[in-house]
Amino acid sequence: MTDWSTIEALPQIRLEQLFADDPERLAKLSLDVSGIHFDFSKTHLTRDAVAAFEKLAKEADLAGKRDAMFGGAHVNVTEDRPVEHTAERGEGKAESVQRAAEYHARMRMLIDAIEAEAFGPVRHVLHVGIGGSALGPDLLVDALGRDSERYDVAIVSNVDGVALEDVFDRFDPSATLLVVASKTFTTTETMMNADSAIGWMQENGVEDPYGRVIALTASPEKAIEWGVDETRILPFSEGVGGRYSLWSSIGFPAAIKLGWDQFAELLEGAAEMDRHFRLSALHENAPVLAAFADLYYTQVRGCETRAPFAYDERLRLLPSYLQQLEMESNGKGVTVDGKPVGRPTAPITWGGVGTDAQHAVFQLLHQGTHLVPVEFLAVIEAGDTLAEEHHRQLLLNAFAQGAALMKGRANPDDPSRAYPGDRPSSTILLDVLDARTLGALIAFYEHRVFVNGVLLGINSFDQFGVELGKEMAKAAAKGGGDFDPSTTDLIRRAGLE
C-alpha cells in the first residue's frame, strides 16, 4: 500500500512565490524531448513535491511495472493480456515487435496495391469504426492530412445515420473503399454502419461491394464470416487496446492518406518518446512529471477536471482524443486487486481550441470557483501561409493566458474585476507539427496515463465500464430488459417498443 501522507501534507505556496524562492525553477521543471518543449514550471510542483512523488513511485514499483509492460508481461491483469501498443513502434518484447513489423508490412503491401489500382481507380476511403477505432485515425488525418491530395478520407463513428449520409452525398460509390475497423468485428455501431455502406454501394450499382472492403481487426475469422476475403484483412494483436491502436492497422486511413513514409515517421516519433520514458530519470522524464502534476491536483487540491487547449487548428481533435485515452483508462473505482481505490482517480478531461475557448470558457478558469489545471498546446512553426501576424497573435494569446492565470490581478474597488491568480498551467510547445512530433506527443500522453494508473494502483488497460449500457441497449432492441419507469416511458414515447 503506497503512503500518500507526505504528498497530502505538502505546503500550498502561491506560484509567484515559488518562482521568487527558486531562480532555477524554470530550468528544473522544463525539458525538451523529440522536438517538443515541456514547461511544468507554472504548476505547483516543487523539489519536495517531486521527491515525494519519486518515493511514491518507488513504493508502487513504477520502474518494475514499466519494464513489465515493455517486456510483454500480462500487466492488463483483469483481461490477462499483455499491453503491446509500444511494440507497434518497435519498443517491446522481441516476438511482439516482430509480429507488429509483419503486420505493418502486410498493410504497406495492401496500400501499394491500392495505389497501383488493384481495386480500380480509388478516390474515396470510407472508414467506419468507433471509440479508439475512430478517434485516433481521425486525429491523425485531420492534423497531418490537410494538404494531402492522395485520397479523400472520411471517418464515421456515430450510428446516427446523418453522419453516414453526409459521406454518401459526397462520395462516388464506384470509387470508394470501405474500411471496417473493429477489434472484435462485432461492435454494434460499426457493423450497422458497415452494413449500410454495403447497401449504399449495392443500390448504386457496385457489383461486388464486399470486394471493396478492407477489415482492420484482431478477430480475422469474424471478418471472414462477415464476407471479407482473407487477403484484405489487416490484423493486429489482441494486446493492443482500442484507444492505443492508432499505431497498428487501425492507423490504415492515416497511412493511406499521408503515405507510408509519413506513417513510419509517426511510429519513430513515438518510439523516441518510448525510449525517453524508459531511460530517463523520473525528475527528468516528461510523462512522469506530467503525471506527478496530475496527481498533485487531484489528491492535494481536490481538482476534479483538467483542461487541455490546443492553440493550433490542426490539433482541434486532440482534446476529444484525450478524453477517451485518459478517462477510459483511469476512470476506475477499484485497484488491480479489486478493492476500492479510496481516493480520486482520473480527473474529467475537457478542453477546446485556441482563442475560441478564450471567448467561451476562460471566464470560469480565471474567476470561477473551480480550480482547473490547464494545459496549453502550441506550435512554433505556423501551419498557414497568411500574414505572420495571425500566428504571432495565436502564440502570444496562449502564452499570455498562462501568465494571467498565474499572476492574477487584485482590484479592491471592484471585486468583479479581480483575478485571484495562482491558477496552474503547463505548456507543451512543438517546434513543428509533423508526423514524427505528433507521434512523440501522443506517446507522451499514453505514458502519462500509465504512470497515473500505476501510482493509483489501478489497471489502465481495461474498460468494463462501457459494457453495461451497451448490454441494456441490446436487450431493449430485442424487446426485453428490466427498465425503470422513466426509461420504459422514454422507449414508449419514442415508439421503440
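Please refer to the structure placed before this passage.
Read on for a plain summary of the structure. Since the model is a prediction, treat every value here as computed from it, not as a measurement.

### Topic: the side chain of Ser237
By the element assignment, Ser237 lies in the loop between strand S7 (233-235) and helix H11 (252-258). Among the polar contacts made by the side chain of Ser237, one reaches the main-chain amide nitrogen of Gly239 at a distance of 3.0 Å. Leave out the neighbours within four places in its chain, and Ser237 touches Glu84, Arg99, Tyr103, Lys183 and Ala218.

### Things to note about the layout of surface pockets
One number sums up the size of the largest pocket: a volume of about 860 Å³. Elements represented by at least two residues in the lining of the largest pocket include exactly helix H7 (132-144), helix H9 (188-203), helix H14 (318-330) and helix H19 (467-477). The element that contributes the greatest number of residues to the lining of the largest pocket is H19, accounting for four residues. Of the residues that constitute the lining of the largest pocket, the class distribution is eight nonpolar, 17 polar and 11 charged. Around the second largest pocket, the lining comprises 26 residues; the ones closest to its centre are Val336, Val454, Leu456, Gly457 and Ile458. In the lining of the second largest pocket, the residues fall into 14 nonpolar, seven polar and five charged.

### Quick notes on the pattern of salt bridges
Evaluation of the coordinates by the stated rule reveals 32 salt bridges. The salt bridge partner of Glu446 is Arg89, with a shortest N-O separation of 2.8 Å. With Glu446 in helix H18 (residues 435-456) and Arg89 in the loop between helix H5 (62-70) and helix H6 (94-115), this residue pair connects regions lying 357 residues apart in the sequence. Of the residues examined, Glu446 reaches a relative accessible area of 2% and is grouped as buried. We note a salt bridge from Glu91 to Arg278, for which the minimum N-O separation is 3.2 Å. Here the residue Glu91 occupies a position in the loop between H5 and H6, and Arg278 occupies one in helix H12 (residues 260-279), the gap between them amounting to 187 residues. Note on Glu91: relative accessible area 11%, which makes it buried.

### What to know about empty space enclosed by the protein
Tallied over the entire structure, the rule returns four cavities of 30 Å³ or more. Volume-wise, the largest cavity comes out at about 150 Å³. Around the largest cavity sit 18 residues that line it, and Ala293, Asp294, Tyr297, Pro373 and Arg448 are the ones nearest its centre. Every element with two or more residues in the lining of the largest cavity is listed here: helix H13 (286-299), strand S8 (305-311), strand S11 (374-379) and strand S12 (425-430). Considering every element that reaches the lining of the largest cavity, the biggest residue donor is H13, with five residues. Residues belonging to the lining of the largest cavity are distributed by class as follows: nine nonpolar, five polar and four charged. In this structure, the second largest cavity encloses a volume near 120 Å³. In terms of lining, the second largest cavity is formed by 13 residues, of which the most central are Asp294, Asn330, Ala346, Pro347 and Asn452. Mapped by element, the contributors of at least two residues to the lining of the second largest cavity are H13, H14 and H18.

Conventions used here
Residues numbered from 1 in each chain as written. Predicted model: local features only at pLDDT ≥ 70, side-chain atom pairs only at ≥ 80, totals over all residues. Heavy atoms only, no water. Helix = DSSP H or I, 4+ residues; strand = E, 2+ residues; numbered from the N terminus. Polar contact = N/O pair within 3.5 Å; in protein donor to acceptor, adjacent residues only side chain to side chain. Contact = heavy atoms within 4.5 Å. 1 Å grid on protein atoms, 1.4 Å probe; cavity = no way out; pocket = protein on both sides within 12 Å on 5 of 7 lines; lining within 4 Å. Points joined across faces, edges and corners; volume = space filled by probe spheres on them. Nonpolar A, V, L, I, M, F, W, Y, C, P; charged D, E, K, R; others polar. Salt bridge = Lys/Arg side-chain N within 4 Å of Asp/Glu carboxyl O. Buried < 20%, exposed > 50% of the residue type's maximum accessible area, 1.4 Å probe, protein only.

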